[in-house]
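Listed here are the chains, written in short residue letters.
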Amino acid sequence: MTQQGAALQTYNNELVKCVEDLCSKRDELNRQIQQEEEEKNKLQNDIRVLTENLSRVNESLARKMASRNEFDKTIAETQAAYMKILESSQTLLNVLKREAGNLGKATDVRGNASST
């Protein structure tokens with residue numbers, strides 16, 4: 001019986017050691033799970049913050065692009081109007097020169113007619 005008792009004691013000791021090892025491994029795994037859950041929460045928070053930042057940047061970009069398009073439109077309209085002014089100025093100058101030439105001829109004709 002003593003041998004059986006000794007064998008039973010040996011089995012009991014091994015069983016206790018195996019259970020302790022399993023508990024130790026479970027505790028280590030639980031520690032790793034907690035670390036990964038903390039990392040997951042941090043990453044989710046980072047994603048939320050980055051998503052909010054991206055949304056703000058996209059909204060800002062949209063407003064600025066719309067403003068730039070308005071600038072482009074205003075510049076194009078102003079340049080077109082300025083070109084029309086230049087064309088009108090050139091036409092006015094040509095008309096003025098022609099009229100001045102005609103007035104000069106008329107003055108010459110009158111002047112020559114008076115002197116004869």
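The structure presented is a predicted model; accordingly, all values stated were derived computationally and were not measured.

Points about the overall build of the chain
Scanning the chain for helices and strands turns up 1 helix and 0 strands. Taking 13 Å as the expected radius of gyration for a compact globule of 116 residues, we find that the chain reaches 49 Å, considerably beyond that expectation. Across its three principal directions, the C-alpha atoms of the chain cover 170 × 15 × 10 Å. For the chain, the accessible surface area stands at approximately 10800 Å², while carbon and sulfur atoms represent 59% of it. Side-chain charges of the chain comprise 17 positive and 18 negative groups, with the mean position of each set lying 14 Å from the other.

Considering a nonpolar patch on the surface
Together, Tyr 82, Met 83, Ile 85 and Leu 86 give the surface a local cluster of nonpolar side chains, amounting to about 410 Å² of exposed area. Of note, Ile 85 is situated in helix H1 (residues 2–115).

Side note on the pattern of salt bridges
This structure, assessed with the given rule, holds 5 salt bridges. Across the pair Asp 46 and Lys 42 runs a salt bridge, and its minimum N-O distance is 3.0 Å. Within this pair, Asp 46 and its partner Lys 42 are both found in helix H1, separated by 4 residues, close to a single helical turn. When its relative accessible area of 46% is taken as the criterion, Lys 42 is described as partly exposed.

Side note on the UniProt feature "coiled-coil region" (unreviewed entry) in the chain
Here, the residues flagged by UniProt with the feature "coiled-coil region" (unreviewed entry) are residues 19–60. Helix makes up 100% of residues 19–60 and strand 0%, and the two end C-alpha atoms of the span are 61 Å apart.

Quick look at a negative patch on the surface
A cluster of acidic residues, Glu 36, Glu 37, Glu 38 and Glu 39, forms a negative patch on the protein surface. You can see Glu 37 is positioned in helix H1.

Here we look at the state of the cysteines
Scanning the model with the defined rule gives 0 disulfides in all. Cysteine Cys 18 is unpaired, with the sulfur of Cys 23 as its nearest cysteine sulfur at 11 Å.

What counts and how
Throughout this document, residue positions are counted from 1 along each chain, in the order its sequence is written. Local features in a predicted model are, by the rule used here, given only for residues with pLDDT of at least 70; side-chain atom pairs are given and counted only at 80 or more, and totals for whole chains, interfaces and linings are based on all residues. Side-chain descriptors were evaluated using all non-hydrogen atoms of the structure, hydrogens and water having been removed beforehand. Secondary structure counts use DSSP, requiring at least four H or I residues in a row for a helix and at least two E residues in a row for a strand, with both numbered from the N terminus. The globule rule is 2.2 Å times the number of residues to the power 0.38, and the radius of gyration it is compared with is taken over C-alpha atoms. The accessible surface values rely on the Shrake-Rupley method and a 1.4 Å probe; as for residues, cover is taken only from the protein chains in view. His residues and chain termini do not enter the charge count, which takes Lys and Arg as positive and Asp and Glu as negative. Charged groups are reduced to one reference atom each: NZ for lysine, CZ for arginine, CG for aspartic acid, CD for glutamic acid. Patch membership is restricted to residues that have no salt bridge and whose relative accessible area is over 30%. Joining uses 9 Å for like charges and 5 Å for the nonpolar side chains Val, Leu, Ile, Met, Phe, Trp and Tyr. Between Lys or Arg on one side and Asp or Glu on the other, a salt bridge is scored when a side-chain nitrogen of the former is within 4 Å of a carboxyl oxygen of the latter. Here's how the labels work: a residue is buried when its accessible area is under 20% of the maximum for its type, exposed when over 50%, partly exposed in between, all with a 1.4 Å probe on protein chains only. UniProt positions are given in the numbering used here, feature names are shortened, and annotations may be inferred rather than shown by experiment. Here, the term disulfide refers to a pair of cysteine sulfur atoms separated by no more than 2.5 Å.

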